[in-house]
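Here's the letter readout for the chains.
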Amino acid sequence: MDTSAGGDLTDVAATVRRRWRVVAACAAAGLVLAALALLVVPPTYTSTTAVHVRPTGVPEITGEQSGRTVGDVNLDTEAQIVRSAEVSAAAAERLGSGADPAELRRRVEVTVPPNSSVLQISYPGSDRRSARRASAAFADAYLEYREDQIDRQVGDILSSLRDEVDARYTELDRIPDEDGDGALRQGRIAAVQDEIAELNKEIHPLTALRSSVVPARIITPATTPEEATSPVPVLWLAAGGVLGLAAGLTAAFGADRRDRRLHTVRDAERAAGVPVLLRTQRSESADGAEPAREAQQANRAALSLVSGIGDLGAQRRSGAVVLVPGVSRGGASATAATVLAAALARVGADVLLVRADPASAGAADGAGLADALLGGADPAELERRTASAPGLRILDYGGADAADMLQRPAMSGLLDRLRTQADYVVVATAPTGERADACALARGADAVVPVIELGATRIEDLASALAAFAAVDATVPGTVAAPAGVRKRLLLRGRSERAERAASRHREEAAEPDSIASAEPEAAEEEAAAQSPQEQTGVGGADAHDGTDLALKR
């Protein structure tokens, strides 16, 4: 559904309610897929080793300064060393059994807790034992690498210092053999001895450090994990449900945006540009509370319609013609016209309901509007009344074929004649999508109230009907919103009730055949005497009458 105005949370909620099956199906599919994934995806176990990286005490030599964490060790560099090819190869050698260094390097994970000097070396494996062994192998390989690195760096410095000491001793041995002043030689000897002493001051601490330094140590050894770290059933099921729900909402809103039908009263009001005067209900409650509330809503709609048309006594010499055409294919106009006509009668008006839809011809086989158009019969003699709505007269379409007469001047003349006999003449016409009857009669009508079947009427059909009414300067004070297929449900319910009554009579006749047989002539005479003139002439068929009476009871 797409309209010119933007939606809000009410429209969103309406879309979800309307497409809840799609949303629920996608959410359920997401849960099912997540459950299947839990069965198919192999579990992953993760073991972690915590290594405390300690400073060597000679950062100017080992380059441990300027780390991102607090301390003397650059843990960013150390984390990269753990994942280096050299350490990975050493870990693979420790694991043995043809372990692939590249695969180990790809899977190992190294993290640094905030504000710490600890490396957490984690390894996810397909089983508990392999995960523990791989994590421990990486930790041991890193410790060995770091110890070798410190030993090599300090050893290189010690070797260089010792070479310089040996050179100074060689120079010191040559000084006594040189020619020259003795005091000068003694000065040079003292200077060289001082240099040797300074070099020894650097050698002794480095030698002690080399033998005692512990560059890193394991503070939490790898343990065998008890539970799998992936997949997590609760997390996967929740993610599957959320993703399915998101997919369902996307599909629902996408389908709703492509849907050109009107589904809610807000949709109808935005598309038509006029208010919805009345929304007919789908069904009534058994205790009568719902029909009473619906009747009051219909009365409010009738009063709004009266206010829009104007006061009859002050402004009119004859009654007003209210055209009630359907927009989409279906029988909603007949039911809506019946409800409006009954409401007008309840607020004190003399109302004539004219059923001018040829589709009702098959449901009413007696005389009616068609006979008045074709044979010139007096419509007053063809009207019928119903006990459900006193003050309301009904002129059914009838069984004759007068569809071609509905768009001719004869029909307009007949309505002009009927408006002198009632305060309001409510005319239920065929849908504008099927016939042009409503467009032909709209010019002479005082008000046109289109009937929108929610869930069936398309936006372009309503726009086309409103444009046709505007072309003849017809007044459209509002619309009626009806659930799709309401007339069909009423007719089916009427036929069901009629079948039950016939079955009940049949059982009574079977129980008392003798008394019924003797009473048949007398009962036939009494039934003929009790019939109204319209019923004696066959005005309106059983289906049409039952459907209208059910609508009036609402």
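The text that follows walks through the structure, step by step, so that each part is easy to find.

1. Topic: the sheet that holds strand β1 (residues 45–53)
Argument step 1. Sheet architecture is open: four strands sit in the order β2-β3-β1-β4, paired in antiparallel fashion. Here the strands that pair on one side only, and so sit at the sheet edges, are β2 (109–111) and β4 (216–220). Across the sheet, the axes of successive neighbouring strands diverge by a mean angle of 30°, strand direction being ignored.
Argument step 2. Relative to strand β3 (residues 118–125), β1 is paired through eight bridges, and the arrangement is antiparallel. Bridge pairing in β3 places T48 opposite S122.
Argument step 3. With respect to the sheet, helix α4 (residues 75–82) is in contact with β1, β2 and β3, its orientation differing from that of β3 by roughly 30°.
Argument step 4. This element, helix α7 (residues 128–174), spans β1, β3 and β4 of the sheet and lies at about 20° to β1.

2. A word on the pairing of strand β9 (residues 392–395)
Argument step 1. Burial of the side chains of β9 extends over both faces: L392 and I394 are buried on one face and R393 and L395 on the other.
Argument step 2. Bridge count between strand β7 (residues 351–356) and β9: four bridges; the pairing is parallel. When the bridges of β9 are listed, L352 appears paired with R393.
Argument step 3. Where strand β8 (residues 384–385) lies against β9, two bridges are found, and the strand directions are antiparallel. Opposite R385, over in β9, you have R393 as the bridge partner.
Argument step 4. Following β8, the chain reverses through six residues before pairing antiparallel with β9; G391 in that reversal takes a positive phi of roughly 90°.

3. Description of helix α18 (residues 459–471)
Argument step 1. Its 13 residues place the ends of α18 18 Å apart at the C-alpha level, agreeing with the 18 Å of an ideal helix rising 1.5 Å per residue.
Argument step 2. Where the residues of α18 are buried, they touch α10 (265–272), β6 (320–325), α17 (437–442), β11 (447–448) and β12 (451–454).
Argument step 3. Just downstream of α18, D473 is the residue with a positive phi angle, here 60°.

4. Some details on the environment of D11
Argument step 1. Considering the arrangement of structural elements, one finds D11 in helix α1 (residues 9–18).
Argument step 2. The sequence separation of D11 and R266 amounts to 255 residues, and the corresponding C-alpha distance is 8.2 Å.

5. Topic: the packing of helix α5 (residues 85–95) against α7
For any two helices packed against each other, one specifies the inter-axial angle together with the distance between the axes.
Argument step 1. With their axes 8 Å apart at the nearest point, α5 and α7 run at an angle of 125° to one another. When the axis of α5 is compared with that of α7, the two are oblique. For the element pair α5 and α7, the recorded crossing hand is right-handed. Taken together, the residues of α7 that come into contact with α5 (itself represented by E86, V87, S88, A90, A91, R94 and L95) are R133, A134, A137, F138, D140, A141, Y142, E144 and Y145.
Argument step 2. Looking at the contact of α5 with α7 residue by residue, the classes come out as ten nonpolar, one polar and five charged.

6. Comments concerning the layout of surface pockets
Argument step 1. Of the pockets and cavities examined, the largest pocket occupies roughly 350 Å³.
Argument step 2. Surrounding the largest pocket, 16 residues form its lining, R18, H263, T264, R279 and L454 being those nearest its centre.
Argument step 3. Here the lining of the largest pocket gets five residues from one element, more than from any other, and that element is α1.
Argument step 4. In terms of residue class, the lining of the largest pocket is made up of four nonpolar, six polar and six charged.

7. Some points on the environment of I196
Argument step 1. As for its placement among the helices and strands, I196 is situated in helix α8 (residues 182–212).
Argument step 2. I196 gets classed as buried once you look at its relative accessible area, which sits at 4%.
Argument step 3. Separated by 35 residues in the primary sequence, I196 and L161 have C-alpha atoms spaced 9.8 Å apart.
Argument step 4. In this view, I196 contacts V165, R168, Y169 and L172; residues no more than four positions away in its chain are not counted.

8. Considering the pattern of salt bridges
Argument step 1. Scanning all chains against the criterion turns up 21 salt bridges.
Argument step 2. The partner of E195 in a salt bridge is R168, with the nearest N and O atoms 2.4 Å apart. You can see E195 sitting in helix α8 and its partner R168 sitting in helix α7, a full 27 residues away along the chain.
Argument step 3. Across the salt bridge formed by R270 and D267, the nearest N and O atoms sit 3.1 Å from each other. Separated by three residues within a single helix, R270 and D267 lie in helix α10, roughly one turn from each other.
Argument step 4. Residue classification places R270 among the partly exposed residues on the basis of a relative accessible area of 21%.
Argument step 5. The class for D267 is buried, based on a relative accessible area of 1%.

9. Topic: a nonpolar patch on the surface
Argument step 1. On the surface, V32, L33, L36, L39, V40 and V41 cluster together into a nonpolar patch covering about 600 Å² of accessible area.
Argument step 2. Note on placement: V32 falls in helix α2 (residues 20–40).

10. Quick look at unusual backbone geometry
Trans peptide bonds make up the majority, and among non-glycine residues the majority have a negative phi.
Argument step 1. Residue P231 is bonded to the preceding S230 through a cis peptide linkage, with omega at -5°.
Argument step 2. Within the secondary structure layout, P231 lies in the loop between β4 and α9 (233–258).
Argument step 3. Here N115, not a glycine, exhibits a phi torsion of approximately 55°, which is positive.
Argument step 4. Mapped onto the elements, N115 comes out in the loop between β2 and β3.
Argument step 5. Given the relative accessible area of 67%, N115 is considered exposed.
Argument step 6. Of note in the backbone geometry, D473 takes a positive phi value of approximately 60° without being a glycine.
Argument step 7. Inspection of the secondary structure assignment puts D473 in the loop between α18 and β13 (479–483).

11. Digging into the side chain of T264
Argument step 1. When you line up the elements, T264 lands in the loop between α9 and α10.
Argument step 2. Reaching out from T264, the side chain makes a polar contact with the side chain of D267 at a distance of 3.1 Å.
Argument step 3. Residues in contact with T264, not counting those within four places in the same chain, are A14, R18 and L454.

Conventions used here
Residues numbered from 1 in each chain as written. Predicted model: local features only at pLDDT ≥ 70, side-chain atom pairs only at ≥ 80, totals over all residues. Heavy atoms only, no water. Pairing = 2+ DSSP bridges. Helix = DSSP H or I, 4+ residues; strand = E, 2+ residues; numbered from the N terminus. Axes fitted to C-alpha atoms, helices over the stretch in contact; angles between N-to-C directions. Contact = heavy atoms within 4.5 Å. Buried < 20%, exposed > 50% of the residue type's maximum accessible area, 1.4 Å probe, protein only. Expected span 1.5 Å × (residues − 1). Parallel < 35°, antiparallel > 145°, perpendicular 65-115°, else oblique. Left-handed = near helix turned anticlockwise from the far one by under 90°. Nonpolar A, V, L, I, M, F, W, Y, C, P; charged D, E, K, R; others polar. 1 Å grid on protein atoms, 1.4 Å probe; cavity = no way out; pocket = protein on both sides within 12 Å on 5 of 7 lines; lining within 4 Å. Points joined across faces, edges and corners; volume = space filled by probe spheres on them. Salt bridge = Lys/Arg side-chain N within 4 Å of Asp/Glu carboxyl O. Patch = residues over 30% accessible without salt bridge, like charges linked within 9 Å, V, L, I, M, F, W, Y side chains within 5 Å. Areas by Shrake-Rupley, 256 points an atom, 1.4 Å probe, with all protein chains shown as cover. Polar contact = N/O pair within 3.5 Å; in protein donor to acceptor, adjacent residues only side chain to side chain.

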